[in-house]
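Architecture at a glance
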Amino acid sequence: MRFVTPTASEPNPSSVAGPPAEAQLLDEIARSIVSSELPPGSHLTAAALASRFGASRTPVREARRGLSELGLVEVHGNRGAFVVDPMSIDADGLRDLVQTRRLVEPFALMQAARRATEADLRRIHDALRDGDSAMEVGDVGRLNLAHHELLTSMVAASHNDAVVRAVRPLHYRTCLVVARTAAITLPHGWRTHRQVAERLADRAGEDAAQLHDAHLGEVLSSLEPPAEDGSPVAPK
């Protein structure tokens, strides 16, 4: 399977639809970062973003602040705002991210199994379908966008606003990191995500939560430092 990397020069189609609302603007820029249309290290000047997304500079500046709070953008004094390079996130930070998701998301999935509407389940199904399509053509950017949509859709199906707000930056941060390894890591994890979605559709919340917890446990084990003799740490 050959994976292709999206270019940063493609204009966003939404820019022709008129100035987006502030929240929509933040979401559109975030999606461009997750898909690597705006790759790590990109300098996000207000003028460039305003032109790309068809917005004025004031909401663009507000959106950049929001992106910084989501962990997608770093502001370096007078140098400006830049897309975070996931390679700059240390192992401890990655482990903290996964451990926090592991504490919150299984609970959200148990709620989702009880509370999900048919519209919620369709949204989850659509994200899986989009990911399948992206894998078929080797489109890493689309695959990671589908991954983000799947994670957020599953948690949103819990209809627990506190959890949704709590995991939003965690999901963006996760997808920022996964974008660098999507061709290797996502196809395997995708099978587990599909199984979780099937359990949700069956209203089997405990099964969905256990599958997801085991998946995050595997991810956490892969982030463990090597043993003192240099050998990998055995999966836990």
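Not measured: the values here are computed from a predicted model.

1. Side note on the overall build of the protein
Across its full length, the protein holds nine helices and two strands. Counting every position in the protein, which comprises 236 residues, the buried fraction comes to 45%. Of the contacts formed within the protein by residues at least 6 apart in sequence, a portion of 73% connects residues at least 24 apart.

2. Some remarks on the packing of helix H1 (residues 22-34) against helix H3 (residues 57-69)
At a minimum axis distance of 9 Å, the contact between H1 and H3 shows a crossing angle of 60 degrees. By the angle between their directions, the pair H1 and H3 is classed as oblique. Helix-helix and strand crossings are classified by hand; for H1 and H3 the assignment is right-handed. Judged by residue contacts, Glu22, Leu25, Leu26, Ile29 and Ala30 of H1 engage Pro59, Val60, Glu62, Ala63, Gly66 and Leu67 from H3. Residues of the contact of H1 with H3, tallied by class, amount to eight nonpolar, one polar and two charged.

3. Considering the pattern of salt bridges
According to the stated counting rule, one finds ten salt bridges in the structure shown. Residue Arg129 pairs with Asp130 through a salt bridge whose shortest N-O separation is 3.6 Å. By relative accessible area, which is 35% here, Asp130 ends up partly exposed. Residue Arg194 is joined to Asp132 by a salt bridge in which the shortest nitrogen-to-oxygen separation is 2.3 Å. Of this pair, Arg194 sits in helix H8 (residues 182-201) while Asp132 is found in helix H5 (residues 118-137), placing the two residues 62 residues apart along the sequence.

4. Quick look at the nonpolar core
Looking at soluble globular proteins, one finds that nonpolar side chains tend to be buried together. Core analysis: the biggest nonpolar cluster contains 27 residues, and Ile29, Ile33, Leu38 and Leu72 have the highest contact counts within it. For this core, the elements supplying multiple residues, two or more each, are H1, helix H2 (46-53), H3, strand S2 (80-83), helix H6 (140-156) and helix H7 (161-178). With six residues, the top contributor of residues to this core is H1. Ignoring any residue separated from it by four or fewer positions in sequence, one finds Leu38 in contact with Ile29, Ser32, Ile33, Leu44, Leu49, Arg52, Phe53 and Val83. Ranked by size, the runner-up nonpolar core spans 22 residues in total, among them Ala112, Leu143, Ala146 and Leu186.

5. Examining H7
Residues lying three or four places apart along an α-helix face the same way, a consequence of the helix completing one turn every 3.6 residues. Between its first and last C-alpha atoms H7 spans 25 Å; for 18 residues at 1.5 Å apiece the expected length is 26 Å, and the two agree. Along H7, the positions that sit buried rather than exposed are Val163, Val167, Leu170, His171, Tyr172, Thr174, Cys175, Leu176 and Val178. Its side-chain oxygen 3.1 Å from the backbone nitrogen of Ala162, Asn160 forms the N-cap of H7.

6. Some details on the side chain of Thr174
With respect to the secondary-structure elements, Thr174 resides in helix H7. Thr174 gets classed as buried once you look at its relative accessible area, which sits at 9%. Once residues within four sequence positions are removed from consideration, Thr174 is found in contact with Leu97, Arg101 and His147.

7. A few points about unusual backbone geometry
With a phi close to 55 degrees, His159 is a non-glycine residue in the positive phi region. When you line up the elements, His159 lands in the loop between H6 and H7. Even without being a glycine, Arg203 presents a positive backbone phi close to 65 degrees. One can find Arg203 in the loop between H8 and helix H9 (205-222).

8. A word on the environment of Ser221
By secondary structure assignment, the location of Ser221 is in helix H9. It is 9.1 Å that separates the C-alpha atoms of Ser221 and Arg95, two residues lying 126 residues apart in sequence.

9. Comments concerning the confidence of the model for the protein
When pLDDT is averaged along the protein, the result is 86; 84% of the residues meet or exceed 70. H5 holds the highest mean pLDDT among the elements of the protein, 96, whereas H8 holds the lowest, 85. Note that residues 1-19 has pLDDT below 50 and, in this model, 30 contacts with residues that lie over four places away or in other chains. Between residues 229-236, whose pLDDT stays under 50, and residues either more than four places distant or in other chains, the model counts eight contacts.

10. Concerning the pairing of strand S1 (residues 73-76)
Pairing geometry for S1 and S2, over four bridges, is antiparallel. Residue Glu74 lies in a different strand from S2, and its bridge partner there is Phe82. Connecting S1 to the next strand, S2, in antiparallel fashion are three residues, including Gly77 with a positive phi near 50 degrees.

What counts and what doesn't
Residues numbered from 1 in each chain as written. Predicted model: local features only at pLDDT ≥ 70, side-chain atom pairs only at ≥ 80, totals over all residues. Heavy atoms only, no water. Helix = DSSP H or I, 4+ residues; strand = E, 2+ residues; numbered from the N terminus. Buried < 20%, exposed > 50% of the residue type's maximum accessible area, 1.4 Å probe, protein only. Contact = heavy atoms within 4.5 Å. Axes fitted to C-alpha atoms, helices over the stretch in contact; angles between N-to-C directions. Parallel < 35°, antiparallel > 145°, perpendicular 65-115°, else oblique. Left-handed = near helix turned anticlockwise from the far one by under 90°. Nonpolar A, V, L, I, M, F, W, Y, C, P; charged D, E, K, R; others polar. Salt bridge = Lys/Arg side-chain N within 4 Å of Asp/Glu carboxyl O. Core = buried A, V, L, I, M, F, W, Y, C linked by side-chain atoms within 4.5 Å. Expected span 1.5 Å × (residues − 1). Polar contact = N/O pair within 3.5 Å; in protein donor to acceptor, adjacent residues only side chain to side chain. pLDDT = per-residue confidence, 0-100. Pairing = 2+ DSSP bridges.

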